[in-house]
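Spelled out, the chains give:
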Amino acid sequence: MNGLTIASQGQIGVVTDPNFSIVGSGDYNGNGAADILWRHAGTGQNYIWFMNGLAIAAQGVVDYVPNVWRVVGKKSRPTCVGRLEVRRFAPSPSSQATRR
C-alpha cells in the first residue's frame, strides 16, 4: 500500500486447510517486510510466513498452544526488532491470564 492506494498486488500462497486463519502481521524477523502469523482453530498450531515482498522467504511452525488460548496482539518495541513476541490470552471464570 501507498497510503490508500494499492502499490502492488499478487497471490502469495495457498492455504488449503480452512481451519487456518491470519491472526497477526508485522515485521517479525526485522527485514522491513510485513510477515504473516497463522493459527489453526482446531489444533492451536501457530505458523508463520516470513515475507520478502510477495515471496515467502521462510516459513515454519512457531509453537502449539492449547485452544483455550488465543492470539490477541503482538508487542512491537524498537529493542525487539527481529524477534517475535505474541501475546496470548486465556479466558478463565476467576481471572484472565496473559502468557508470553
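Everything here concerns the structure above.
Described in the following lines is the structure provided in the data block. From a predicted model like this one, the values you see are computed outputs, not experimental measurements. (Residues numbered from 1 in each chain as written. Predicted model: local features only at pLDDT ≥ 70, side-chain atom pairs only at ≥ 80, totals over all residues. Heavy atoms only, no water.)

### Quick look at the overall build of the chain
In plain terms, the rule: Under the scheme used here, helices are H or I runs from DSSP no shorter than 4 residues and strands are E runs no shorter than 2 residues, and both carry numbers assigned from the N terminus. Only protein chains enter the accessibility calculation, which uses a 1.4 Å probe; a residue is then buried when its area is under 20% of its type maximum, exposed when over 50%, and partly exposed in between. Note on areas: Shrake-Rupley with a 1.4 Å probe; residue coverage comes only from the protein chains shown.
Across its full length, the chain holds 0 helices and 7 strands. Along the chain, helices (α) and strands (β) appear in the sequence β-β-β-β-β-β-β when read from the amino end. Across the 100 residues of the chain, 27% fall into the buried class. On the chain, roughly 6,700 Å² of surface is accessible, and the fraction owed to carbon and sulfur atoms is 51%.

### Some words on the sheet that holds strand 3 (residues 45-52)
Adjacent strands of a sheet form backbone hydrogen bonds with each other and so pair up, either parallel or antiparallel. The condition that has to hold: Being paired, for any two strands, means DSSP has found at least two bridges between them. Here an angle of 0 to 180 degrees is reported between the N-to-C directions of two axes, which are lines fitted to C-alpha atoms, with helices fitted over the stretch in contact.
With antiparallel pairing, 4 strands are arranged side by side in an open sheet as 1-2-3-4. Every other strand in the sheet has two partners, leaving strand 1 (20-26) and strand 4 (55-64) as the edge strands with one partner each. With strand direction ignored, the average angle separating the axes of adjacent strands in the sheet is 25 degrees. Inspection of the sheet shows strand 1 paired to strand 2 (residues 35-40) by 6 bridges, in the antiparallel sense. When the bridges of strand 2 are listed, Ser21 appears paired with Arg39.

### Description of the pairing of strand 3
The pairing of strand 2 with strand 3 spans 4 bridges and is antiparallel. Bridge assignment links Leu37 to a residue of strand 3, and that residue is Ile48. Taken together, strand 2 and the strand that follows it, strand 3, pair antiparallel across an intervening segment of 4 residues, in which Gly44 is found at a positive phi of about 85 degrees. Pairing of strand 3 with strand 4, which is carried by 8 bridges, proceeds in the antiparallel orientation. What sits directly across from Ile48, in strand 4, is Gly60. A loop of 2 residues connects strand 3 with strand 4, the two strands running antiparallel in sequence, and Gly53 in this loop sits at a positive phi of about 70 degrees.

### Description of the nonpolar core
Threshold: We define a nonpolar core as any set of buried Ala, Val, Leu, Ile, Met, Phe, Trp, Tyr and Cys residues linked to one another through side-chain atoms lying within 4.5 Å. Working rule for contacts: check all heavy atoms of both residues, and any pair within 4.5 Å makes them a contact.
The biggest cluster of nonpolar side chains holds 5 residues, and these are Phe20, Ile36, Trp38, Trp49 and Met51. When sequence neighbours within four positions are dropped, the list of residues in contact with Trp49 reads Ile12, Gly13, Val14, Val15, Asp35, Ile36, Trp38, Ile56, Ala58 and Gln59.

### A closer look at the environment of Phe20
Mapped onto the fold, Phe20 is located in strand 1. Sequence spacing of Phe20 and Arg39 is 19 residues, and the spatial spacing of their C-alpha atoms is 5.3 Å. In this view, Phe20 contacts Val15, Trp38, Arg39, His40, Gln45 and Tyr47; residues no more than four positions away in its chain are not counted.

### Description of the side chain of Asn46
Position of Asn46 among the secondary structure elements: in strand 3. Residues in contact with Asn46, not counting those within four places in the same chain, are Leu37, Trp38, Arg39, Gly60, Val61, Val62, Asp63, Val65 and Val71.

In short, shape yes, function no, at least from these values alone.
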